[in-house]
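Architecture and fold: a report
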Amino acid sequence: MTDAALDGKKIVSTVGMIVTLTSFAMLFATLMMGFAIYRFTTPVWPPQGMVRPSLLIPSLSTLSIFLSSMSYIWYEKNLKDKRGLYLTFGLGLIFMRLQFLFWSTLRSEGIFASSGIFGSIIYAFTWVHAAHIIAALLLLGWHIMQIHTNETVSENTITNIGKFWHFLGIVWAIMFLTIFVL
């Protein structure tokens, strides 16, 4: 490919990632607005009959996704050292395992998606976020496969995967603060 073609491909993929992240941001913003309307019009929080979920698992999830972002930054700064990429993938898997554990804990506490708005909010946010984490893990896995097959990977691809991963970390931090802490 010529340099002009490579530059064009880089621009298209960067714009594509920006459009993708903007659409995901709009999805989460819509969920947040719905949550805010409900949260600020409810006289008691959590609603009567509901128990606030323990912060332990969401806190561990927050730690794992934060560390995974840091490990991906480490990888981006030193592309020859793949440990940061593998650590990011592993921490992403830990995050997902913690989500399954969290959902199990919610069920044991009697909080279901069908338990009313409170339960449906928690499940909706965490399910939608988990679906995006799975998509990001697939991207990371695809990138790992590229490395193992000695396929040439552009720095732009690595940067775009990082944007997606870091975006999910920011979304989780906002969710953690607004849904679990406040």
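Above this text sits the structure in question.
The text that follows walks through the structure, step by step, so that each part is easy to find. In this text, all values refer to a predicted model and were calculated from it rather than measured experimentally.

**What about the overall build of the protein?**
- Across its full length, the protein holds 5 helices and 0 strands.
- The linear arrangement of helices and strands in the protein, starting from the amino end, is α-α-α-α-α.
- With the C-alpha coordinates of the protein rotated into their principal frame, the extents come out at 65 × 30 × 25 Å.
- The 182 residues of the protein split such that 41% are buried.
- Element-wise, carbon and sulfur atoms account for 72% of the exposed surface of the protein, whose accessible area totals about 9,900 Å².

**A word on the nonpolar core**
- Counting 44 residues, the largest nonpolar core has I133 and M175 as its most contacted members.
- Where this core is concerned, the elements lending two or more residues are helix 1 (3-41), helix 2 (56-77), helix 3 (83-108), helix 4 (117-148) and helix 5 (155-181).

**Some words on the side chain of H166**
- Relative to the elements of secondary structure, H166 occurs in helix 5.
- Assessed through its relative accessible area of 18%, H166 is described here as buried.
- Ignoring anything within four residues of it in the chain, the contact list for H166 reads S69, Y72, I73 and E76.

**Topic: unusual backbone geometry**
- Following W45, the chain continues into P46 via a peptide bond in cis, with omega recorded as -5 degrees.
- When you line up the elements, P46 lands in the loop between helix 1 and helix 2.
- The residue N150 is not glycine, and still its phi comes out positive at about 60 degrees.
- Topologically, N150 is positioned in the loop between helix 4 and helix 5.

**Quick look at the packing of helix 2 against helix 4**
- Contact geometry of helix 2 with helix 4 gives a least axis separation of 14 Å together with a crossing angle of 30 degrees. In terms of axis orientation, helix 2 runs roughly parallel to helix 4. Crossing of helix 2 against helix 4: the hand is left-handed. Packed against helix 2, whose contacting residues are I65, Y72 and Y75, the element helix 4 presents H129, I133, L140, H143 and I147 at the interface.
- Classifying every residue of the contact of helix 2 with helix 4 by side-chain character gives 6 nonpolar, 2 polar and no charged.

**Regarding the packing of aromatic side chains**
- Tallying each qualifying case throughout the model produces 12 aromatic pairs.
- Ring geometry for Y72 versus Y75: centroids 5.6 Å apart, planes at 65 degrees, classification edge-to-face. Placement of both Y72 and Y75 in helix 2 is noted, with a separation of 3 residues, approximately one turn of the helix. Grouping residues by exposure puts Y72 and Y75 together as buried.
- Taken together, a centroid distance of 5.1 Å and an interplanar angle of 50 degrees make the contact between Y123 and W127 tilted. Separated by 4 residues within a single helix, Y123 and W127 lie in helix 4, roughly one turn from each other.
- Three or more aromatic residues joined by ring pairs make a cluster, and in this case those are F35, Y38, W45, F118 and F125.

Reading guide: rules and limits
Residues numbered from 1 in each chain as written. Predicted model: local features only at pLDDT ≥ 70, side-chain atom pairs only at ≥ 80, totals over all residues. Heavy atoms only, no water. Helix = DSSP H or I, 4+ residues; strand = E, 2+ residues; numbered from the N terminus. Buried < 20%, exposed > 50% of the residue type's maximum accessible area, 1.4 Å probe, protein only. Areas by Shrake-Rupley, 256 points an atom, 1.4 Å probe, with all protein chains shown as cover. Core = buried A, V, L, I, M, F, W, Y, C linked by side-chain atoms within 4.5 Å. Contact = heavy atoms within 4.5 Å. Axes fitted to C-alpha atoms, helices over the stretch in contact; angles between N-to-C directions. Parallel < 35°, antiparallel > 145°, perpendicular 65-115°, else oblique. Left-handed = near helix turned anticlockwise from the far one by under 90°. Nonpolar A, V, L, I, M, F, W, Y, C, P; charged D, E, K, R; others polar. Phe/Tyr/Trp six-rings, centres within 6.5 Å; stacked < 30°, edge-to-face > 60°.

The analysis is restricted to geometry; functional conclusions fall outside its scope.
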